[in-house]
Amino acid sequence: MTAGDRPLDRDEWVDGNEAAGILQEIFTMDITTARGRCAGCGRVAPMAETRVYDHAPGLVVRCPDCDAVLLTVIRAPDRAFLATTGLTYLEVALPESATSGFTGA
Amino acid sequence: MARAAVQRRLTWQPATVAQVRTETESARSIVLDVPGWPGHVTGQHVDVRLTAEDGYAAQRSYSVASAPELDRLELTVQRVPDGEVSPYLADVAEAGDQLEIRGPVGGYFTWRPEAVEPVLLVAGGSGIVPLMSMIRGRAAANSRVPFRLVYSARTPDDVIYAQELSRRVRDDRGLDVAFAYTRGTPAGWPRPPGRLDAALLAEVGWPADFIPAVYICGPTGFVEAAANLLVAQGHEPQRIKTERFGPTGDREAAA
Ligand SMILES: Cc1cc2nc3c(=O)[nH]c(=O)nc-3n(C[C@H](O)[C@H](O)[C@H](O)COP(=O)(O)OP(=O)(O)OC[C@H]3O[C@@H](n4cnc5c(N)ncnc54)[C@H](O)[C@@H]3O)c2cc1C
Ligand SMILES: [Zn+2]
């Protein structure tokens, strides 16, 4: 793809909010409020602030700063394939009790 | 209003059209009965799936328009000509029809009545829908937090919820609404039609010093432009939440 025909150059994208449904189906919690780090440029931001290209057959989540592919999701009737290609980490808020195992207290 | 958090796995569930209501020439509201619907947080959306007789399925996201309620929710859909899903919802669906929904989803573009900071809502076209849920939810929760809505529409006839908005400006204490028209204005309107610009936002929005929570929703290009204008006016990017609905077939429709 050359720069000129990249979908980025038009408005044919939405943001990470749109991926809330499929990601919650997989993770059983909301992932759009989780902060993800882009392996390409190091940007750390809520997943809602990514760019989503949702054209069949899969959904592609890209970094708004460097355009790197962060996630790809393909949904089949009975399973989903999730590639976390460009995410170094996800920071997920959890209820406090869930951290007790790490505190040593 | 949310049911006690029984952990249920998110999945598709059946919804029945209870009622449809014409909002504008191109938009309708659709009331859905969903047994077991847990309510939502204002700003959240659902995914809607339509399945044809041959099994072909198409799904799209639609914001919840109503205030949180159990077993029932309302969407508002603007027809995109030649679209796959919106013409059915905006023109064809009628009471008794069945479809499937998945939700409520999305924890980012949300407003909760416990919040105390002033709120600036910026809508382009159908981007009013989740913001209307916030306005309705604010009234339902008796919140007095100052809300200011800037709503960009093509013409006065394209304004969704026009009557309800003027009633609420009168009755809901602390709610202000300003309109911006991109194509045609009422007679004697002080501004010529045009895109939402820095001067208008500075005039009708909250100053950045008030540190408002900002919610911008509408076509992708509109949201980008409005967010950039507000950042240039000193609003902190972290306080600006955005939700993009996709392309506008017609770039001037709302932006
Ligand atoms: C989180 C989220 C919430 C949304 N909430 C609402 C809502 O409350 N009400 C609502 O009416 N819509 C909403 N949308 C938009 C909605 O999901 C669909 O994109 C829209 O209804 C068009 O779907 P379609 O199947 O009719 O068109 P498609 O078949 O997907 O597209 C047909 C053609 O129209 C163009 N197009 C696609 N989307 C739009 C658009 N939004 N405006 C103009 N042209 C477009 C496409 O480029 C394509 O060429 C929301 C989107 C998101 C991501
Ligand atoms: Zn990046």
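Criteria and cut-off values
- Residues numbered from 1 in each chain as written.
- Chains lettered and ligands numbered in written order.
- Predicted model: local features only at pLDDT ≥ 70, side-chain atom pairs only at ≥ 80, totals over all residues.
- Heavy atoms only, no water.
- Donors = N, O, S within 2.8 Å, 3.2 Å for Na, K, Ca; no water.
- Tetrahedral: all angles 85-135°; square planar, octahedral: opposite > 155°, others 65-115°.
- Buried < 20%, exposed > 50% of the residue type's maximum accessible area, 1.4 Å probe, protein only.
- Helix = DSSP H or I, 4+ residues; strand = E, 2+ residues; numbered from the N terminus.
- Pairing = 2+ DSSP bridges.
- Contact = heavy atoms within 4.5 Å.
- Axes fitted to C-alpha atoms, helices over the stretch in contact; angles between N-to-C directions.
- Phe/Tyr/Trp six-rings, centres within 6.5 Å; stacked < 30°, edge-to-face > 60°.
- Lys NZ or Arg CZ within 6 Å of the ring centre and 35° of its normal.
- Domains from an automatic or database assignment.
- Buried area = accessible area lost by both parts, 1.4 Å probe.
- Salt bridge = Lys/Arg side-chain N within 4 Å of Asp/Glu carboxyl O.

**Some details on the coordination of the zinc ion (ligand 2)**
Residue and element names in this part refer to chain A. Within the protein, the zinc ion (ligand 2) binds to Cys38 (SG), Cys41 (SG), Cys63 (SG) and Cys66 (SG); these donor distances fall in the range 2.3 to 2.4 Å. For the zinc ion (ligand 2), the 4 donor atoms in the first shell make angles of 100 to 112° at the metal, so the coordination geometry reads as tetrahedral. Assessed through its relative accessible area of 2%, Cys63 is described here as buried.

**Things to note about the pairing of strand β5 (residues 72-78) of chain B**
All names here are of chain B. Across the 7 residues of β5, 5 count as buried, placing the element largely inside the fold. Note: strand β2 (residues 27-33) against β5, 7 bridges, orientation antiparallel. Residue Asp33 lies in a different strand from β5, and its bridge partner there is Arg72.

**What about the environment of Leu10 of chain B?**
In this fold, Leu10 of chain B is placed in the segment before β1 (13-22). Residue Leu10 of chain B is classed as buried on the basis of its relative accessible area, which comes to 6%. Setting aside chain neighbours within four positions, we find Leu10 of chain B in contact with Gly21, Gln24 and Glu25 of chain A together with Arg102, Gly103 and Val105 of chain B.

**Some words on the sheet that holds strand β1 (residues 14-15) of chain A**
Residues and elements named next belong to chain A. Taken together, the 5 strands give an open sheet; going across it, the order is β1-β4-β5-β6-β7, and neighbouring strands pair in antiparallel fashion. The strands lining the two open edges of the sheet, one partner per strand, are β1 and β7 (79-83). Along the sheet, helix α1 (residues 20-27) makes contact with β5 (58-62), β6 (69-76) and β7, crossing β6 at roughly 75°.

**Side note on the side chain of Asp172 of chain B**
Relative to the helices and strands, Asp172 of chain B resides in the loop between α3 (162-171) and β9 (175-181). The contacts of Asp172 of chain B, once residues within four sequence positions are left out, are Ile135, Arg138 and Ala139 of chain B.

**Details of the sheet that holds strand β3 (residues 45-51) of chain B**
Sheet strands pair by backbone hydrogen bonding; their relative direction is either parallel or antiparallel. Strand order in the open sheet formed by 6 strands is β4-β3-β6-β1-β2-β5 (chain B), and the pairing between neighbours is antiparallel. The open sheet is flanked by β4 (57-63) and β5 of chain B, the only strands paired with a single partner. Direction aside, the axes of adjacent strands within the sheet are offset by 40° on average. Judged from the 6 bridges that link them, β1 of chain B and β2 of chain B form a sheet pairing that is antiparallel. Across the sheet, residue Gln19 of chain B finds its bridge partner in β2 of chain B, namely Val31 of chain B. Along the sheet, α1 of chain A contacts β3 and β6 (98-105) of chain B; its crossing angle with β6 of chain B, the most-contacted strand, is approximately 75°.

**Re unusual backbone geometry**
Residues and elements named next belong to chain B. Of note, the bond from Gly103 into Pro104 is cis; its omega dihedral lies within 30 degrees of zero at 5°. With respect to the helices and strands, the residue Pro104 is situated in strand β6. Phi at Asp82 takes a positive value of approximately 65°, unusual for a residue other than glycine. For Asp82, a relative accessible area of 82% puts it in the exposed group.

**Section: the packing of aromatic side chains**
In this description, an aromatic ring pair is defined by two values, namely the gap between the centres and the angle between the planes. In this structure the tally under the stated criterion is 6 aromatic pairs over all chains. With a centroid separation of 4.9 Å and an interplanar angle of 80°, the aromatic rings of Trp111 of chain B and Phe147 of chain B are classed as edge-to-face. Taken together, the residues span a long stretch of sequence, with Trp111 of chain B in the loop between β6 and β7 (119-124) and Phe147 of chain B in strand β8 (residues 147-153) at a distance of 36 residues. Relative accessible area serves as the criterion here: at 0%, Phe147 of chain B is assigned to the buried category. Members of the aromatic cluster, joined through ring pairs, are Tyr151, Phe179, Tyr181 and Trp189 of chain B. If you follow Arg62 of chain A out to its NZ or CZ, it ends over the ring of Tyr53 of chain A, 5.8 Å from the centre.

**Looking at the domain arrangement of chain B**
Residue and element names in this part refer to chain B. Split by domain assignment, chain B resolves into domain 1 (13-105) and domain 2 (119-253). Between the C-alpha centres of domain 1 and domain 2 the distance comes to 23 Å. Of the residues lining the interface, 18 residues belong to domain 1; the matching set on domain 2 comes to 16 residues. Here domain 1 and domain 2 share an interface that buries about 1200 Å² over both sides, 55% of which is from carbon and sulfur atoms. For the domain 1 face of the interface with domain 2, the top three residues by lost area are Thr24, Ser63 and Ala65, together amounting to 32%. The tally of links between domain 1 and domain 2 comes to 0 salt bridges.

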